[in-house]
Each structure stands twice: as structure tokens, then as C-alpha cells.
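What follows is each chain in one-letter form.
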Protein chains: 2
Amino acid sequence: MAFHKKEEFTQKEQDLAAFAKAMSHPARISILKMLAQRNECICGEIVDVLPLAQSTVSQHLKELKNAGLISGTVEGPRSCYCINWKAFEKFNSEFNTLFNNLKIKNEKACC
Amino acid sequence: MAFHKKEEFTQKEQDLAAFAKAMSHPARISILKMLAQRNECICGEIVDVLPLAQSTVSQHLKELKNAGLISGTVEGPRSCYCINWKAFEKFNSEFNTLFNNLKIKNEKACC
DNA sequence: ATCTTATATCGCAAATATACGATGAATATG
DNA sequence: CATATTCATCGTATATTTGCGATATAAGAT
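None of these values were measured; they are calculated from a predicted model. (Residues numbered from 1 in each chain as written. Chains lettered and ligands numbered in written order. Predicted model: local features only at pLDDT ≥ 70, side-chain atom pairs only at ≥ 80, totals over all residues. Heavy atoms only, no water.)

A. The overall build of chain A, seen in detail. When helices and strands are tallied, chain A shows 5 helices and 2 strands. Each helix and strand of chain A, placed in order from N terminus to C terminus, yields the pattern α-α-α-α-β-β-α. Relative to the compact-globule value of 13 Å for 111 residues, chain A shows a C-alpha radius of gyration of 17 Å, a clear excess of over 25%. Among the 111 residues that make up chain A, the fraction classed as buried is 44%. Partitioning the intrachain contacts of chain A with sequence separation of at least 6 by distance along the chain shows that 50% fall at a separation of at least 24. Of the roughly 6,000 Å² of accessible surface on chain A, 52% is carried by carbon and sulfur atoms. Each charge sign in chain A was given a centre, from 15 positive and 12 negative side chains, and these centres are 3 Å apart. (Helix = DSSP H or I, 4+ residues; strand = E, 2+ residues; numbered from the N terminus. Rg over C-alpha atoms; globule rule 2.2 N^0.38 Å. Buried < 20%, exposed > 50% of the residue type's maximum accessible area, 1.4 Å probe, protein only. Contact = heavy atoms within 4.5 Å. Areas by Shrake-Rupley, 256 points an atom, 1.4 Å probe, with all protein chains shown as cover. Lys, Arg positive; Asp, Glu negative; His and termini not counted. Charge placed at Lys NZ, Arg CZ, Asp CG, Glu CD.)

Structure (C-alpha cells):
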């Protein structure tokens, strides 16, 4: 009974939360950073850089892919990933709508 | 052995991840939205709006406070919360540095 | 002083996340 | 064909998160 009440919130709230969740681990931030910098797709170089086992990195990549933040294709025996910029655009616009627009009006804090 | 390897990443990566984590639940997004819209501090109105028990809401508020996204003060028997805009500014600038600046250069996707 | 109201905290149960090693699948390379 | 390489997935252990009810706390009202 009564766990996982996420579906009781609006779709936008859930989407924003899902995006944030995908970024809620330093390893995944680090992966995104690498992909953003190199543009060209990368595979197991990520494993070499991160202080994590290969299987763990693979799991993080899967989560990012499921959340839609990256896309990946198989290239023979290796896998190639890159950032899905559209998802970042969407997040940015929703984030700004929610917070940054309001910020301008309500700069004065109360507590 | 070998859980919680978060401290092996850079401080910026950890900070960004911590901010994202604070926003990684629709209830907390919803709370932040309310606080952003009303500017003026709010207390247990949040409990009335959210589909969650009072103790659960209190816990979410505590997490947001610990992450530095909101600040709260006790006002007699009630508590008053509001958004910490500075934290959002910091997140926004780090997020943009990491992703949006690079986006302009590397619009062409590879996979 | 007692009662009410508003909120925080504690203790618990269930779900989810994090991490690893082992194994599997698929393609190269010898 | 046998073997190595690259990566995904499975199984498992532990940690963390989410949620609730019960209880504690603290100020205001009666």
C-alpha cells in the first residue's frame, strides 16, 4: 500500500523529476560531460576514465539511455553513445518556465 | 565493500548531482513550484495540496533544505519556507557551462 | 494548567539504487 | 575454427529512498 505515489503528480512534474533523477549521480554527470565535450561517440573509454567497474558503467549508460538523455548504437563489438541535445533543450525550457521566469518577479526573499 | 563511490568524482560533479537529486522527485518539484509561484513563505498549505501524509511532506522539505534549495524558519507553531534563488543561479550557471555552451559547437549528432 | 494546532522526528516496511563479479552474446583476429 | 575483445545482462549484497503512523515538541488558545 502506498509507495511510489509518483503517478499522482502532473506529467510535467514527473518529466522534470525523471530528468533530474537521471542526472542525480556524479558518475552519470561525468559521463554526460565526456559525451558533451567529445561530441563524437564514445564507448568503453568511459570505463577507463571512471572509477567504476565495467558492468556498473554499463548500467549507468542504460539509465541515461532509458531517460532519453543519450542515444547509443552498436558498432560491431563496441557501442557508441552520444548526447541527445533535444532532451536537454526540453529540460532547459521547462526548468526556466518553472523557476527562472518567476525568479525575475520575486527576487526578494522572505526567510 | 565498494558502495557509495561518489566521493571519487570532482566536487562540481558531486554538486550538480546533489542538486539534481534534490529535484529528482515529483513531490519536491511540486513543492518548489509552489514556493516559486507564491514567493511569500508557505507552511502546511503544502500538505493540503500534495497527495502525501504530513510526515512525508515534512521529510521532503527537510531534504530540500539540506540540499540548500530552500530555506525555512520557524514562526511560532508554524514553519515558513521559501526558495533559495542563489542555489538555482549556481545550478543554472554550472549546468550551462557543462552542457549548453558545448551544445552550440556540437549540434551535429553522431548516433 | 489543559487542550488544540502545526510541525518535526522516530521507527518501521517496502521499494529502488548502487556496485560488483560472473556469464552471455556478438564481432574481430589469429 | 579457436580465441580475444567489447559490451550487456544476470544474480546478489548492501545502502538509500519513500512512505506512513505514532509520538514528541512548541506555541497559542481556552
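B. Broad picture of the interface of chain A and chain B. Taken together, the contact between chain A and chain B spans 52 residues of the former and 51 residues of the latter. When chain A packs against chain B, close to 4,600 Å² is buried across both sides, 73% of that on carbon and sulfur atoms. The largest contributions to the chain A side of the interface with chain B come from Phe-9, Trp-85 and Cys-111 of chain A, which together make up 15% of the buried area. At the boundary of chain A with chain B, the tally comes to 2 salt bridges. Of the charged contacts, one joins Glu-13 of chain A and Lys-33 of chain B as a salt bridge, the two residues approaching to 3.0 Å between their closest N and O atoms. Summed over the shared surface of chain A and chain B, the result is 4 residue pairs in polar contact (both at pLDDT 80 or more). Here the side of chain A that touches chain B takes 12 residues from helix H5 (residues 85-105) of chain A, the largest share from any one element. Partitioning the side of chain A that touches chain B into residue classes produces 28 nonpolar, 13 polar and 11 charged. (Buried area = accessible area lost by both parts, 1.4 Å probe. Salt bridge = Lys/Arg side-chain N within 4 Å of Asp/Glu carboxyl O. Polar contact = N/O pair within 3.5 Å; in protein donor to acceptor, adjacent residues only side chain to side chain. Nonpolar A, V, L, I, M, F, W, Y, C, P; charged D, E, K, R; others polar.)

C. Seen up close, the environment of Met-34 of chain A. Residues and elements named next belong to chain A. Residue position: Met-34 is located in helix H2 (residues 26-38). Here the alpha-carbon distance between Met-34 and Ile-83, two residues 49 residues apart in the chain, equals 9.5 Å. Beyond its immediate sequence surroundings of up to four residues, Met-34 is in contact with Ile-42, Glu-45, Ile-46 and Val-49.

D. Quick peek at the relation of the copies chain A and chain B. Mapping chain A onto chain B is achieved by rotating through 180 degrees and translating by 0.0 Å along the same axis, at an RMSD of 0.0 Å. Both copies are brought into coincidence by an operation consistent with a two-fold rotation axis. Residue Ala-20 of chain A, judged by its C-alpha, is the member of chain A lying nearest the rotation axis, at 2.4 Å. (Least-squares fit on C-alpha atoms with pLDDT ≥ 70 in both.)

E. Summary view of the pattern of salt bridges. Residues and elements named next belong to chain B. Under the counting rule described, the total for this entry stands at 8 salt bridges over all chains. Two residues, Glu-45 and Arg-38, come together in a salt bridge whose shortest N-O distance is 3.3 Å. Exposure remark for Glu-45: the relative accessible area of 35% places this residue in the partly exposed category.

F. How the structure looks around the layout of surface pockets. Residue and element names in this part refer to chain A. The computed volume of the largest pocket comes to approximately 400 Å³. Taken together, the elements giving at least two residues each to the lining of the largest pocket come down to helix H1 (11-22), helix H4 (54-66) and H5. Broken down by class, the residue content of the lining of the largest pocket amounts to 9 nonpolar, 3 polar and 7 charged. (1 Å grid on protein atoms, 1.4 Å probe; cavity = no way out; pocket = protein on both sides within 12 Å on 5 of 7 lines; lining within 4 Å. Points joined across faces, edges and corners; volume = space filled by probe spheres on them.)

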